[in-house]
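# Topology and contacts: notes
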Amino acid sequence: KRFVSGAWSDISGPAWTGGTTNQARFVTFQKGTIVYYIACNDKDATVHWDGAGATDLALSGAPIARDLTAVANRVVYGNPTIGGNRYPFSVVYSNFNDHEQTPSANLLTVSHAFGEVMAVRAIGAEAAAVYLEKAQYILSAQGGQAPFRSDYRSGQPGPVSTGAVVSAGDVHYYLGAD
């Protein structure tokens, strides 16, 4: 819903079909002079809204994903489904300055040893935390052919769900199973 001139208007496109385990996640991303609102829920097509359109629209170049964040002028999707195939130990990132293009070649496997990716959260403009079920990794932006590198940070239990991670500036808190 959008609140304009004292009234609410519905900007929803196609209804999502996710249940209580398909938590909606949102991020903003600036492309040129337009700030887009991008949303995913781990079940339905990822959508975006330009702030002016009548409704949100399916983001045809994006995967279905458990979570998303914006870092280093890219949208990073955690635990994506691409072409009907789930990549639970991976992230995939959009092209530079273009949230509408997320090629499957941009898939980065974080780790198979520590469970599925539960959440991704930006840490400033150039890095993101990747929370797995049993570990945490840092994605750092870098130059060259591979725009991100993944570094192991901790083997502590991860968050119990995507929505269990709270960002407060560049600090993250989460509810874990321990």
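The preceding data block contains the structure.
Because the structure is predicted, anything quoted here is derived from the model rather than measured. (Residues numbered from 1 in each chain as written. Predicted model: local features only at pLDDT ≥ 70, side-chain atom pairs only at ≥ 80, totals over all residues. Heavy atoms only, no water.)

### Here we look at the sheet that holds strand β12 (residues 117-122)
- Taken in spatial order, the 4 strands of this open sheet run β12-β13-β14-β15, and their pairing is antiparallel. Only two strands of the sheet have a single neighbouring strand rather than two, namely β12 and β15 (148-154). With direction set aside, neighbouring strand axes in the sheet form an average angle of 25 degrees.
- In this structure, β12 lies alongside strand β13 (residues 127-132), joined through 5 bridges in antiparallel fashion. Among the inter-strand pairings, Val117 is bridged to a residue of β13, identified as Leu132. (Pairing = 2+ DSSP bridges. Helix = DSSP H or I, 4+ residues; strand = E, 2+ residues; numbered from the N terminus. Axes fitted to C-alpha atoms, helices over the stretch in contact; angles between N-to-C directions.)

### Focus on the pattern of salt bridges
- If you walk through the whole model with that rule in mind, you get 8 salt bridges.
- For the salt bridge of Asp42 with Arg86, the shortest nitrogen-to-oxygen distance reads 2.8 Å. Of this pair, Asp42 sits in the loop between β4 (34-40) and β5 (47-49) while Arg86 sits in strand β9 (residues 85-86); the two residues are 44 residues apart in sequence, bridging distant segments of the chain.
- Among the ionic contacts, a cluster of salt bridges with common partners joins Asp42, Arg66, Arg86 and Glu116. (Salt bridge = Lys/Arg side-chain N within 4 Å of Asp/Glu carboxyl O.)

### A few points about the nonpolar core
- If you look at the biggest cluster of nonpolar residues, it comprises 15 residues, and the most contacted ones within it are Val76, Val91, Val130, Leu139 and Phe148.
- Residue assignment for this core shows that the elements contributing at least two residues are β10 (90-93), β12, β13 and β14 (136-141).
- The contacts of Val91, once residues within four sequence positions are left out, are Val76, Tyr77, Gly78, Pro80, Asn106, Leu107, Leu108, Val110, Val120, Val130 and Leu139.
- If you look at the next biggest cluster of nonpolar residues, it comprises 13 residues, including Tyr36, Ile38, Leu59 and Ala62. (Core = buried A, V, L, I, M, F, W, Y, C linked by side-chain atoms within 4.5 Å. Buried < 20%, exposed > 50% of the residue type's maximum accessible area, 1.4 Å probe, protein only. Contact = heavy atoms within 4.5 Å.)

What is shown is where atoms sit, not what they do.
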